[in-house]
Amino acid sequence: MSFSDRSSARRRTAHAARTALGASALALTLLTTAACGPDNSSADTAVTAGAGQGAAPNIGLPANLEDLKKWKFDDWEKWAKDYALPAAAKGFWTLDKLLKAKPNEPLPPPPAPPAAPAQPTQAPAQPSQPAQPSQPAKPAQPSQPAQPGQPTAPGAPTAAATTPGKPPAGQPTQPGHPTPPPVAPKPSNTQQPASQAPAPPAQPTQAPAQPSQPPAQPAQPTQAPAQPAQPPAQPAQPADNGNDPLPKTVNAQPLPHPYTKLAVHGKLFADAPGSGAEAAAGLSHYQCSATVVADPAHPGKSNLVWTAGHCIHQGKGGKYFSNISFIPAFNSNGALSGGKQADEAQYAPLGIWNATQAVTSPQWKAEGGDGGSPATQYDFAIIRVQPGDGGKSLEETVGGAVPVWFNAPREQLSITEYGYPAAPPFDGMELNRCESGRPTRLSYDPTRPPMHAIGCTMTGGSSGGGWLAVKDGKPALVSNVSVGQHTGDPKFQAGPYLDDVAAGAYDFISKKG
């Protein structure tokens, strides 16, 4: 991948940091494949993956996900104390830097869940239950004079209510009742034999009743089949770990120039601190995709842009990138297409907008890494850019902004992805689209909301690109590119499910403007 050089060096740094901080649940799910995004070793303490697990000290994160979802503005203010960013200097992003920027690739997907093979081992465990046939030892009951109640069983089909009163006799009658639940109430019937005292005359029939007991014992073997009913219940516990079959490949399609009606989509550029040779050179340039979103606190005048967390922050132990800038409708007129050269007014017709604030999820900031992990299920970020000349907002300049749809019902979604893929076979100059339809689920950690997964052949550089679905007849943003598999088949991408945590971050930065 295009990040292989920097990934190896950063991975060493990340390893040292992780060793110092101790292993977390995240380490159990990290992939061994090479990572495509910037390295993220973290001094921040991770939010616990599962609700109710150990607390997260040091940076004030709550002990579980449900508490995090309840954060108010003041909670975000206290935690996100580094949301303010220095804006890039005017003219910083020259064409040469833009063209050299490396595609910040989607992270690799998780491995196939291994839980399925464990289920069969439960089935063999049930066969051991045939030990119940040993219950025939209970024939000792015939000697029980208390079995006068049994005589009524052969005489009346309703004996199901009386025979259950006897623990051994109740088992033979179960074959007549496929559903085990009735067994629980049956013990209460054992108190009724008192009223059945007149039944003693039936004792003479007890002799025939006992012969009928042997056949009842063979019925006990049928109880074993009743136990197999338990296996189906047990498989439900491991479930599917939040994973569906992977979506089918959908080919990305370049959109025709100009991008006048699609100006909410653009390219995001940023500098990340390097390591090794990169550190000696100073900063490294990266590129992603992003989308203009509405600002609830400033309707009609939004300066907010949605992207992936790994496009603006290194994650665990890292920092925010610097010189973060957004170019809406990049290369709208095709001025740079086919290797051509152009000036800024041509490839950035709506200007270059510098970020001054940014916020990502606590999970990404505390746990995010160079490879896919549970933190990827919260790999999103929102940035605020400086208003344009004369105080004109980004939304007013591009002609609109997309609302964000939180907690969107999965079954109602038909997703279209937008982005500027820059890794081969793409060159980053063209806005592409994947009309991918209904998403499937993909998860690293079943205690967190599964990600949306869609078929799409976009590559590195599409990270952070907006995923839109129709709500009330209008497009709304429901996710962004985070994870991607670009080789083999199927080729797909995945993005975070935007729940109350995402809504809290969005509300926070909206009110900070």
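**Student:** What am I meant to see in the packing of aromatic side chains here?
**Tutor:** A ring pair, where both rings are aromatic, is described by two values, the distance of the centres and the angle of the planes. For the coordinates displayed, the defined rule picks out twelve aromatic pairs. Between Y286 and F321 the ring centres are 6.4 Å apart and the planes differ by 40°, which places this aromatic pair in the tilted class. Linking Y286 in strand β4 (residues 283-293) with F321 in the loop between β5 (304-307) and β6 (322-328), this pair joins segments that are 35 residues apart in sequence. We classify Y286 as buried; its relative accessible area is 2%. With a relative accessible area of 2%, F321 lands in the buried category. Note on F330 and Y420: the rings are 5.9 Å apart at their centroids and 80° apart in plane angle, and the pair reads as edge-to-face.

**Student:** I keep staring at the layout of surface pockets and nothing clicks. Help me out?
**Tutor:** Summary: where empty space remains is shown by rolling a probe the size of a single water molecule over the atoms. Taken as a whole, the largest pocket encloses approximately 440 Å³ of empty space. If you go around the largest pocket, you meet 18 residues; those closest to its centre are K90, G351, I352, W353 and D389. A breakdown of the residues in the lining of the largest pocket according to their chemical character gives eight nonpolar, six polar and four charged.

**Student:** What am I meant to see in the state of the cysteines here?
**Tutor:** Among covalent bonds in proteins, the disulfide is the one between the sulfur atoms of two cysteines. Taken as a whole, this structure holds two disulfides when the rule is applied. In this model, C288 is linked to C311 through a disulfide, with the two sulfur atoms separated by 2.1 Å. As the torsion about the S-S bond is roughly -85°, the C288-C311 disulfide counts as left-handed. Here C311 lies in the loop between β5 and β6 and C288 lies in strand β4, a separation of 23 residues in the sequence. By relative accessible area, which is 3% here, C288 ends up buried. You can call C311 buried: its relative accessible area is 3%. Here C434 is linked by a disulfide to C456, with a sulfur-sulfur distance of 2.1 Å.

**Student:** Help me understand empty space enclosed by the protein, please; the structure alone is not making it clear to me.
**Tutor:** This model, assessed by the stated rule, comprises two cavities of 30 Å³ or more. Quantified by volume, the second largest cavity comes out at close to 30 Å³. Around the second largest cavity, the lining residues are H265, G266, S289, A290, T291, Y418, G419, Y420, L431, G465 and G466. At the level of elements, β3 (265-273), β4 and β9 (415-419) are the ones that each hand at least two residues to the lining of the second largest cavity. Counting residues per element, the lining of the second largest cavity draws most heavily on β4, at three residues. The class makeup of the residues in the lining of the second largest cavity is four nonpolar, seven polar and no charged.

**Student:** Could you clarify how one ought to interpret the environment of S289 in this entry?
**Tutor:** Within the secondary structure, S289 is located in strand β4. In this structure the C-alpha to C-alpha distance between S289 and G461, which are 172 residues apart in sequence, comes to 6.3 Å. Beyond its immediate stretch of four places on either side in the chain, S289 contacts G266, K267, L268, T307, G419, Y420, G461, S462, S463, G464 and G465. A polar contact of 2.8 Å, which involves the side chain of S289, links it to the backbone oxygen of G461.

**Student:** Sorry if this is basic, but what is going on with the pairing of strand β16 (residues 492-495) here?
**Tutor:** Along any regular strand the residues' side chains alternate between the sheet's two faces. Where burial is concerned, the two faces of β16 agree: the one with F492 and A494 and the one with Q493 and G495 are both buried. In terms of strand pairing, strand β12 (residues 451-455) meets β16 through four bridges, oriented antiparallel. Its bridge partner being in β16, H452 is matched across the sheet by G495. Inspection of the sheet shows strand β15 (residues 483-485) paired to β16 by three bridges, in the antiparallel sense. In the strand pairing of β16, Q485 is matched with F492. Where β15 folds back on β16, the antiparallel hairpin that results is connected by six residues, among which G488 adopts a positive phi of roughly 70°.

What counts as what
Residues numbered from 1 in each chain as written. Predicted model: local features only at pLDDT ≥ 70, side-chain atom pairs only at ≥ 80, totals over all residues. Heavy atoms only, no water. Phe/Tyr/Trp six-rings, centres within 6.5 Å; stacked < 30°, edge-to-face > 60°. Helix = DSSP H or I, 4+ residues; strand = E, 2+ residues; numbered from the N terminus. Buried < 20%, exposed > 50% of the residue type's maximum accessible area, 1.4 Å probe, protein only. 1 Å grid on protein atoms, 1.4 Å probe; cavity = no way out; pocket = protein on both sides within 12 Å on 5 of 7 lines; lining within 4 Å. Points joined across faces, edges and corners; volume = space filled by probe spheres on them. Nonpolar A, V, L, I, M, F, W, Y, C, P; charged D, E, K, R; others polar. Disulfide = S-S within 2.5 Å. Contact = heavy atoms within 4.5 Å. Polar contact = N/O pair within 3.5 Å; in protein donor to acceptor, adjacent residues only side chain to side chain. Pairing = 2+ DSSP bridges.

From the geometry alone we can't say anything about function, so treat these as descriptive.
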